[in-house]
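Inside the fold
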Amino acid sequence: MHGGAILYESGNTEPASSIRQTKNITVKKRIGDLASVLVKDYSTVFLDCSTTVYYAAMSLTQMQKLTVVTNGLSCAQFLSQQTDWDIFFPSGKVESQMGSTTGSDTILALSKFYADFAIISCTGLIPDGITEASVDQSRYKLAMLENSQTRILLCDSTKFGSRYFSRTCGFDYIDYLVTDIKPPPEYVELFEKNNCQIIYPEEDE
């Protein structure tokens, strides 16, 4: 807070997938475990390419016969090796830094699927909504959200107040926020206003 105005961290770049996989591992696993409880057996699920969602995918392996659509290279490989589920990997340009496919072809491919659940993460979260470092990341995540019945956002507490280049959507696109601690009051109010349930570990209430 400075001069009555809230200052946000901002940017238009995000660390490579290999770097992100080594950060906040315990927190990401905890969030992933909480998110996996929301998914039902025999569901169809969108999973993005984020490392937090990758840990949710690890927890999902206890479920019965899911159908998964993911543009995450690591996620698709892991699930294809660890389960007998149907795994769909949308076409598009391979983005090596993000470990995913992106671009217009990926969005077109995603638009052909409908899912019971979408599980996505974000690079930053501000009162105006969810933000990403690139337009491509925002667009494919929005495509997943728009074609899903139940939409789950995974966001650890370090991302609150971080604003990046591209706005993905407002909180009205999210049904559940799964995080590691109770969010600041202004965010709790915004999510409740948009009928979004907030989930975090009970010991942090």
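In what follows, the structure referred to is the one given above.
An account of the accompanying structure is given in this report.

With that settled, the discussion passes to the packing of aromatic side chains. Taken as a whole and assessed by the stated rule, the structure comprises 5 aromatic pairs. Summarising the aromatic geometry, the rings of tyrosine 54 and tyrosine 55 are spaced 5.8 Å apart at their centres and angled 75° between planes, so their arrangement reads as edge-to-face. Using a relative accessible area of 10% as the deciding quantity, one classes tyrosine 55 as buried. Taking the centre distance of 4.2 Å and the plane angle of 25° together, the rings of phenylalanine 171 and phenylalanine 191 count as stacked. Separated by 20 residues along the polypeptide, phenylalanine 171 in the loop between strand 12 (166-169) and strand 13 (176-178) and phenylalanine 191 in helix 7 (residues 185-193) bring together distant segments of the chain. Here phenylalanine 171 matches phenylalanine 191 in class, with each residue buried. Counting every residue linked through ring pairs, the aromatic cluster contains Tyr54, Tyr55 and Phe78.

Turning our eyes to something else, we now look at the sheet that holds strand 14 (residues 197-199). The parallel open sheet is built from 7 strands, whose spatial order is 4-3-2-7-10-13-14. This sheet does not close on itself; its edge strands, each paired only once, are strand 4 (86-88) and strand 14. When strand polarity is set aside, the average angle formed by the axes of neighbouring strands in this sheet is 20°. One ladder, built from 3 bridges, connects strand 2 (residues 44-47) with strand 7 (residues 115-121); its direction is parallel. Paired with leucine 47 across the bridge in strand 7 is isoleucine 119. Packed on one face of the sheet, helix 6 (residues 135-146) meets strand 2, strand 3 (67-70), strand 7 and strand 10 (148-154) and runs near 150° to strand 7.

Quick look at the packing of helix 3 (residues 51-60) against helix 4 (residues 73-82) now. As a packed pair, helix 3 and helix 4 sit with axes 10 Å apart at the nearest point and diverge in direction by 10°. Judged on the interaxial angle alone, helix 4 and helix 3 are roughly parallel. Contacts between helix 3 and helix 4 involve Tyr54, Ala57 and Met58 on the former and, on the latter, Ser74, Cys75, Phe78 and Leu79. Looking at side-chain class alone, the contact of helix 3 with helix 4 contains 6 nonpolar, 1 polar and no charged residues.

Basis of the calculations
- Residues numbered from 1 in each chain as written.
- Predicted model: local features only at pLDDT ≥ 70, side-chain atom pairs only at ≥ 80, totals over all residues.
- Heavy atoms only, no water.
- Phe/Tyr/Trp six-rings, centres within 6.5 Å; stacked < 30°, edge-to-face > 60°.
- Buried < 20%, exposed > 50% of the residue type's maximum accessible area, 1.4 Å probe, protein only.
- Helix = DSSP H or I, 4+ residues; strand = E, 2+ residues; numbered from the N terminus.
- Pairing = 2+ DSSP bridges.
- Axes fitted to C-alpha atoms, helices over the stretch in contact; angles between N-to-C directions.
- Contact = heavy atoms within 4.5 Å.
- Parallel < 35°, antiparallel > 145°, perpendicular 65-115°, else oblique.
- Nonpolar A, V, L, I, M, F, W, Y, C, P; charged D, E, K, R; others polar.

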